[in-house]
Amino acid sequence: MPRPFPIVAIAAIALASPAAAKTLTFRATLGGTTAPATTGSPASGKAVIKVDTSTKRVSVELDVTGITLDQLSKNLIAKPVGPIHFHVYRTADDVELILPLPYGPNYRATKAGFHVTVRGYDYAAGAKLINSGADFEEFVNAMRGQRVVLNIHTDKFPDGEISGKVMPR
């Protein structure tokens, strides 16, 4: 009679695998008429953000209309952090840049503005660019808790022309 142990062991290993590891999907609708970017800018944007909890990598698809690449903050383009950032709002007075989206070939002009595609961006590498003390778990918890804002900085509005709260999809 065959022993049940190998089958039970395989099942136990499968169940012990990172079952909690998955891809979380979020969205953000950006504008200039809601806090924190109450600039009155008519520009807008829509983003889909995917967070892989197993590899600790972030992917972003962002479409922006009403802002062109040449209007993005030249000061931030020149730095490794780039002009687009995720900010975490721990409290109204405790806001920190938590993950930058460095400027590069993943930013491309479109007829009405620009598009950014970032795939498999290593959270730790991005956090290191800004010396963030926020680990990946804090980032994920802040995203789940709707305490993260995606912000686009331009020369006209250095603090951010448009922004939007990141929400679960």
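Small disclaimer: the values here were computed from a predicted structure and weren't measured.

This next bit is on the overall build of the protein chain. Check the secondary structure of the protein chain and you find 4 helices and 11 strands. Contacts in the protein chain between residues at least 24 apart in sequence constitute 60% of all its contacts with a sequence separation of at least 6. In the structure as shown, the protein chain presents an accessible area of about 9300 Å², 58% of it carried by carbon and sulfur atoms.

The next point concerns helix α4 (residues 136-144). Regarding α4, the residues found buried are Phe136, Phe139, Val140, Ala142 and Met143. Along α4, the residues classed as buried sweep out an arc of 165° about the axis, all on the same side. Gln146 lies just past α4 and shows a positive phi near 60°.

Bridging between strand β5 (residues 57-65) and strand β9 (residues 113-122) involves 8 bridges; their strand directions are antiparallel. Bridging from a neighbouring strand, Thr65 pairs with Gly113 of β9. With 3 bridges connecting them, strand β8 (residues 107-109) and β9 associate as antiparallel partners. Bridge pairing links Tyr107 to Val116 in β9.

A few words on unusual backbone geometry. Of note, the phi angle at Lys56 is positive, near 60°, even though the residue is not glycine. Structurally, Lys56 can be placed in the loop between β4 (44-52) and β5. On the basis of relative accessible area, Lys56 is assigned to the partly exposed category, the value being 36%.

Our next topic: the pairing of β5. The alternating pattern of β5 places Val58, Val60, Leu62 and Val64 on a buried face and Arg57, Ser59, Glu61, Asp63 and Thr65 on a face that is not buried. Across 9 bridges, the pairing between β4 and β5 is antiparallel. Bridge pairing in β5 places Val48 opposite Glu61.

What follows deals with the environment of Thr91. Along the polypeptide, Thr91 turns up in strand β6 (residues 84-91). Take Thr91: its relative accessible area is 45%, and that puts it in the partly exposed class. Sequence separation between Thr91 and Arg147 is 56 residues; the distance between their C-alpha atoms is 8.7 Å. Of note is the side chain of Thr91, whose polar atom sits 3.0 Å from the backbone nitrogen of Asp94.

As for its placement among the helices and strands, Gly32 is situated in the loop between β1 (23-30) and β2 (33-34). Among the residues examined, Gly32 registers a relative accessible area of 2% and is labelled buried. Remark: the alpha-carbon pair of Gly32 and Pro42, spanning 10 residues in sequence, is separated by 6.5 Å. Gly32 has contacts with Ala37, Thr38, Thr39, Gly40, Ser41, Ala43, Glu161 and Ile162, leaving out every residue within four places of it along the chain.

Next up on the list: the sheet that holds strand β10 (residues 148-152). Across the sheet, which stays open at both edges, the 9 strands sit in the order β7-β6-β10-β11-β1-β4-β5-β9-β8 with antiparallel pairing between neighbours. Whereas interior strands pair on both sides, the edge strands pair on one side only; in this sheet they are β7 (94-101) and β8. Recorded for the sheet is a direction-independent mean angle of 20° between the axes of neighbouring strands. As paired elements, β6 and β10 share 5 bridges and run antiparallel to each other. Within β10, the residue paired with His87 across the bridge is Val149. Sheet strands touched by α4: β1, β4, β5, β6, β7, β10 and β11 (162-168). Its angle to β4, the strand with the most contacts, is close to 130°.

Definitions and limits used
Residues numbered from 1 in each chain as written. Predicted model: local features only at pLDDT ≥ 70, side-chain atom pairs only at ≥ 80, totals over all residues. Heavy atoms only, no water. Helix = DSSP H or I, 4+ residues; strand = E, 2+ residues; numbered from the N terminus. Contact = heavy atoms within 4.5 Å. Areas by Shrake-Rupley, 256 points an atom, 1.4 Å probe, with all protein chains shown as cover. Buried < 20%, exposed > 50% of the residue type's maximum accessible area, 1.4 Å probe, protein only. Arc of directions from axis to C-beta. Pairing = 2+ DSSP bridges. Polar contact = N/O pair within 3.5 Å; in protein donor to acceptor, adjacent residues only side chain to side chain. Axes fitted to C-alpha atoms, helices over the stretch in contact; angles between N-to-C directions.

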